[in-house]
Amino acid sequence: MLKKLPSLVSCLFSLALCQLSIISYSAFAAEPWQEINLSDAGLVNESGEVIDSSGNTLTDAAGNPLIPNCALTDLNVGESFKFFFQPGKSEELVIFHTGGGACWENNTCGSALIPGGDSTYTPIMASNADLLNYAGGIFDTSAGTNNPYADASKVYIPYCTGDIGWGNRDVQYVNPLNPTSTYTVHHRGYANIRAVSEWITRMYSAAPQPQKVLVSGSSAGGYAAIGTLLPEIEKVIDTRKSKVSVVVDSSNAVVNNRFLVEAGQAWGIKETLPAHMLQALDGDAIGLGSRFYLKSTKRYPEVLFGQYQNTFDIVQGQFLNIMKHLDHPELWNDPVKIQESIAEWSYRMTLNTQLTALLTRQYRFYTAAGFQHVVLEYVPSTPEGWCSDNFTIENSANSLKQYQLPFYEWSGDLFKHKTRIWWGSDWLNATCGIDCLGGGPTYCP
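In this text, all values refer to a predicted model and were calculated from it rather than measured experimentally.

Within the chain one finds eleven helices and 14 strands. Residues classed as buried in the chain amount to 61% of the 445 residues present. Put simply, 78% of the contacts in the chain that link residues at least 6 apart link residues at least 24 apart. Per element, the accessible surface of the chain, about 17,100 Å² overall, is 51% carbon and sulfur.

See below:
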């Protein structure tokens, strides 16, 4: 099996560039997606700093200005940050942050500069609104779809900063092509999110707030969703009046202590993350995934949290392998090491999800079978070998009430805040049965 696994660079690059490709069936949105340019929308000043509607410059907790950007624009890689909006029902809002890996020190950040190498992150965002009109998963608006979010208004936040949406720093790293020189990575994920939240603030300043709100993200975007996006949206949306739910897709925080220290310093998280998230990070890496939710449910008592993952997620397992062998890139794609790391990741993920479900009623998990990575976005088959579960037909997990519980039903009941198990709710803790190695419907070459 592992001999057939794609390399990390193929997976991440395919996810970033191919996830919005035209899919094989008709999924053209009733309302077209709109590109939101920060300057045109009046979200930044002439210096590129995020401003409020009165023209005041917004800052992080240390007073540093927020300047949206993508990681390697100084090297003419990619373009400056923008985001997208699709009008839909005014009473329903979906805010989604996409993924694309991470970098936090010389080897990981430098991996994007090595021709033919295995990059751990993508500095290029999906930037074509026309492609989003054909996107699947939770963005599918085709007739007869099982997507419970089909008719909602949607905000799509691209990812291009390598900092899981937590950073507001520009960092100099050693150039792997010339070790005597350095280059700049713009870890500006938090600045990007603040620009989006400011736009949402203005949108609802003179309009009724939505009745139902989904804050979500896949992979790196899942960490953004719970770490920085939800805290910013909570400043705009009254969680006591609107039903706010969070779906974190394939973002399980199974990491090591070295990563916590180095990434936190590189991204400047003490100036960007709220207090409850910093408290969750202030401890050993073991149990971190559970602390994220226990701290968040206490901070947001009206918000419901759902978590999705595959039992043997190859990308998350490989990232754990990279963290364990950070100084030895030759081991990053070693099949034996990857297999060991996937097994460790799966064991720790299972403990975290089950412990969290025992300790808070605001959280439930859906653990699907297989090695796939992400479910909320439809990712078409690619020559590089990317594969993903299909949101609308994934059903490999079983609950107390139902064998092969469809994930779209699980997710839809979370969106509706249907929490009473025996009153018809399908939002239950669910996990794969005997064949966790198998898997549900996937899109693989």
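Still more to cover.
The next thing to look at is the pattern of salt bridges. A complete count under the given rule lists 14 salt bridges for this structure. The residue Glu-232 makes a salt bridge to Lys-235 at a minimum N-O spacing of 3.2 Å. Accessibility expressed as a relative area gives 60% for Lys-235, which makes it exposed.

Turning to the environment of Gly-268, a few remarks are in order. Within the element layout of this structure, Gly-268 appears in the loop between helix H6 (257–267) and helix H7 (275–281). On the basis of relative accessibility, which here comes to 9%, the residue Gly-268 falls in the buried class. Taking the C-alpha atoms as reference, Gly-268 lies 6.4 Å from Asn-168; in sequence the two are 100 residues apart.

Mapping Thr-120 onto the fold places it in the loop between helix H2 (106–110) and helix H3 (129–132). Within the structure, the side chain of Thr-120 is placed 2.7 Å from the backbone oxygen of Ala-102, a separation counted as a polar contact.

Summed over all chains, the structure comprises 25 aromatic pairs. Look at Tyr-293 and Tyr-363: their rings are 4.8 Å apart centre to centre, the planes differ by 55 degrees, and that puts the pair in the tilted class. Taken together, the residues Tyr-293 in helix H8 (residues 288–299) and Tyr-363 in strand E10 (residues 363–368) connect sequence positions 70 residues apart. Tyr-363 shares its class with Tyr-293; the two are buried. Put simply, the rings of Tyr-149, Tyr-308, Tyr-366, Phe-391, Phe-407, Trp-410 and Phe-415 touch in pairs and so form one group of aromatic residues.

Attention now goes to the packing of H8 against helix H10 (residues 335–359). Closest axis-to-axis distance for the H8/H10 pair is 8 Å, and the angle between their directions is 25 degrees. As summarised for this structure, H8 and H10 are arranged roughly parallel, according to the angle between their axes. Considering how the two elements wind past one another, H8 and H10 form a crossing that is right-handed. Where H8 approaches H10, its residues Gly-289, Ser-290, Tyr-293 and Leu-294 are matched on the opposing element by Asn-352, Leu-355, Thr-356 and Leu-359. Grouping the amino acids of the contact of H8 with H10 by side-chain chemistry returns four nonpolar, four polar and no charged.

Under the counting rule described, the total for this entry stands at three disulfides. Each sulfur of the disulfide joining Cys-70 and Cys-160 lies 2.0 Å from the other. Every disulfide takes its handedness from the sign of the S-S torsion; for Cys-70 and Cys-160 that torsion is -70 degrees, giving left-handed. You can see Cys-70 sitting in the loop between strand E1 (34–36) and strand E2 (83–86) and its partner Cys-160 sitting in the loop between strand E4 (152–157) and strand E5 (169–175), a full 90 residues away along the chain. When sorted by exposure, Cys-70 lands in the same class as Cys-160, which is buried. There is a disulfide in this structure between Cys-432 and Cys-436, and the S-S distance comes to 1.9 Å. For the disulfide bridge between Cys-432 and Cys-436, the dihedral angle about the S-S bond is near 100 degrees, and by the sign convention the bridge is right-handed.

Of the residues in the chain, 89% have a pLDDT of 70 or more, and the chain-wide mean is 90. Across residues 1–29, confidence stays below pLDDT 50; counting only partners more than four residues off in sequence or on other chains, it has 88 contacts. For residues 381–386, every residue scores under 50 in pLDDT, and the model assigns this stretch 23 contacts once sequence neighbours within four places are set aside.

Spatially, the ten strands line up as an open sheet ordered E1-E2-E4-E3-E7-E8-E9-E10-E13-E12, and their pairing is mixed. Only two strands of the sheet have a single partner each, and these edge strands are E1 and strand E12 (397–398). The pairing of strand E9 (residues 304–310) with E10 spans six bridges and is parallel. By the bridge assignment for E10, Asn-310 is matched with Ala-368. Seen against the sheet, H8 touches strand E8 (243–249), E9 and E10 and runs at an angle of roughly 160 degrees to E9. Packing of helix H11 (residues 407–415) onto the sheet brings it into contact with strand E3 (89–97), strand E7 (212–218), E8, E9 and E10, and relative to E9 it is tilted by some 165 degrees.

This brings us to helix H5 (residues 220–234). Between its first and last C-alpha, H5 extends 20 Å over 15 residues, near the 21 Å set by a 1.5 Å rise per residue. Taken across its 15 residues, H5 has 14 buried, putting it largely inside the fold.

Topologically, Ile-51 is positioned in the loop between E1 and E2. If we skip the residues at most four places from it in the chain, Ile-51 touches Gly-42, Leu-43, Val-44, Asn-45, Asn-56, Thr-57, Leu-58, Glu-198 and Arg-202.

To continue, consider the environment of Pro-87. Residue placement: Pro-87 occurs in the loop between E2 and E3. When its relative accessible area of 23% is taken as the criterion, Pro-87 is described as partly exposed. Taking the C-alpha atoms as reference, Pro-87 lies 7.5 Å from Trp-33; in sequence the two are 54 residues apart. Beyond its immediate chain neighbours, meaning those up to four positions away, Pro-87 contacts Glu-31, Pro-32, Gln-34 and Ser-153.

Another aspect to go through is the pairing of E5. With seven bridges connecting them, E5 and strand E6 (residues 178–187) associate as antiparallel partners. Opposite Val-171, over in E6, you have Val-185 as the bridge partner. In sequence, E5 turns back onto E6 through a hairpin of two residues.

Definitions and cut-offs
Residues numbered from 1 in each chain as written. Predicted model: local features only at pLDDT ≥ 70, side-chain atom pairs only at ≥ 80, totals over all residues. Heavy atoms only, no water. Helix = DSSP H or I, 4+ residues; strand = E, 2+ residues; numbered from the N terminus. Buried < 20%, exposed > 50% of the residue type's maximum accessible area, 1.4 Å probe, protein only. Contact = heavy atoms within 4.5 Å. Areas by Shrake-Rupley, 256 points an atom, 1.4 Å probe, with all protein chains shown as cover. Salt bridge = Lys/Arg side-chain N within 4 Å of Asp/Glu carboxyl O. Polar contact = N/O pair within 3.5 Å; in protein donor to acceptor, adjacent residues only side chain to side chain. Phe/Tyr/Trp six-rings, centres within 6.5 Å; stacked < 30°, edge-to-face > 60°. Axes fitted to C-alpha atoms, helices over the stretch in contact; angles between N-to-C directions. Parallel < 35°, antiparallel > 145°, perpendicular 65-115°, else oblique. Left-handed = near helix turned anticlockwise from the far one by under 90°. Nonpolar A, V, L, I, M, F, W, Y, C, P; charged D, E, K, R; others polar. Disulfide = S-S within 2.5 Å. pLDDT = per-residue confidence, 0-100. Pairing = 2+ DSSP bridges. Expected span 1.5 Å × (residues − 1).

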